[in-house]
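Fold and contact review
Single-letter residue listing:
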Amino acid sequence: MSAISAHMRDAVLEMRGICKSFGGTRALDGAHIALHAGEVHALLGENGAGKSTLIKIMTGLYSADSGELLMDGKPVHIGSPADAQRHGVVAIYQEPLIFPDLTVAENIFMGHRDRGRLVNWRRLRRDARQVLGVLDVDLDPNAPASTLTVGEQQAVEIAKAMTQDVRVLIMDEPTAALSAHEVRRLFRQVEQLRANGVAVLFITHRLDEVFEISDRVSVFRDGHHISTRPVADTNQGLAVKEMVGRELGDFF
Ligand code: ADP
Ligand code: MG
């Protein structure tokens, strides 16, 4: 069997032939993508290419007009964010969803379904410390979340996803509001996720970040899938050309 067909079999999450229109606007037109365990997959495209729409379908916020979504090669229906969470598909946005009046540990374990009514605070703090340790994040589980920077809030969201057995973690422009130092820290966390077998989908406009962190790069344009390549088989010039649909030299 060829390396490629072996790889195809591994997709944790795959979307095929996805179409989605808003009134007369075709946001996605037969789009596809396949995400693999232990890989960081960058999704590139100009504004309006359909990236956020694809993610919203993946996480159950929108339903596709047509197309299919498979996990481990089997068709699944993700009709709501709760469905997505049950399948281990989690998105982290630029503005983390943090409860400022709760502690770090409480935020990490917020909304856990399997914890029962009696909260064992000592265990909760210990488990929080452990998952933060795996992510190499130096945060006090007892610290009030209101004291955290945006980067630290994202770390709490990533820690939360890890305690929920995340399989696909989607980051839509996660570095937009971060300092250079915080970007470095986020990248270390992404590397830990990859090492733990999570499929990471990473959206950014900063091409240097793409070539630093990703294993695979997909380009979308006008709701179409244009290409998917191993990062070693592409470069910034090619990616930009595919994003805009013509040679960059045509601009000048
Ligand atoms: P990207 O995230 O790549 O910038 P989007 O998925 O946000 O692209 O948008 C793709 C296209 O769909 C754009 O033309 C956008 O205006 C349109 N669109 C996205 N969401 C909506 C919506 N909720 N209502 C109407 N049009 C939308
Ligand atoms: Mg977007």
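Thresholds applied
- Residues numbered from 1 in each chain as written.
- Chains lettered and ligands numbered in written order.
- Predicted model: local features only at pLDDT ≥ 70, side-chain atom pairs only at ≥ 80, totals over all residues.
- Heavy atoms only, no water.
- Helix = DSSP H or I, 4+ residues; strand = E, 2+ residues; numbered from the N terminus.
- Buried < 20%, exposed > 50% of the residue type's maximum accessible area, 1.4 Å probe, protein only.
- Phe/Tyr/Trp six-rings, centres within 6.5 Å; stacked < 30°, edge-to-face > 60°.
- Pairing = 2+ DSSP bridges.
- Contact = heavy atoms within 4.5 Å.
- Axes fitted to C-alpha atoms, helices over the stretch in contact; angles between N-to-C directions.

**Brief notes about the environment of Arg-125**
One can find Arg-125 in helix α5 (residues 121-134). According to the relative accessible area criterion, Arg-125 is partly exposed, its value standing at 31%. Along the primary structure Arg-125 and Ile-213 are separated by 88 residues, whereas in three dimensions their C-alpha atoms are 31 Å apart.

**Digging into the packing of aromatic side chains**
Evaluated as defined, the whole model comprises two aromatic pairs. An angle of 70° between the planes, with centres 5.4 Å apart, marks the rings of Phe-22 and Tyr-62 as edge-to-face. Residue Phe-22 is located in strand β1 (residues 11-22), and its partner Tyr-62 is located in the loop between α2 (51-58) and β4 (66-71); the two are separated by 40 residues in the primary sequence. Phe-22 gets classed as partly exposed once you look at its relative accessible area, which sits at 36%. Ring centres 6.0 Å apart and planes at 70° place the aromatic pair Phe-187 and Phe-202 in the edge-to-face group.

**Brief notes about the sheet that holds strand β2 (residues 25-36)**
Read from one edge of the open sheet, four strands run β2-β1-β4-β5, paired in antiparallel fashion. The outermost strands of the open sheet, each flanked by one partner alone, are β2 and β5 (74-75). As paired strands, β1 and β4 are joined by five bridges and run antiparallel to one another. Along β4, the bridge assignment pairs Arg-16 with Glu-68. Lying over the sheet, α2 contacts β1, β2 and β4, oriented at roughly 120° with respect to β1.

**Notes on unusual backbone geometry**
Note on backbone geometry: most residues besides glycine have negative phi, and most peptide bonds are trans. Non-glycine residue Asp-136 carries a positive phi angle of around 60°. Assignment of secondary structure puts Asp-136 in the loop between α5 and α6 (150-163). For Asp-165, which is not glycine, the phi torsion reads 55° and is therefore positive. Looking at Asp-165, the relative accessible area reads 62%, which means it is exposed.

Nothing here speaks to function; it is all geometry.
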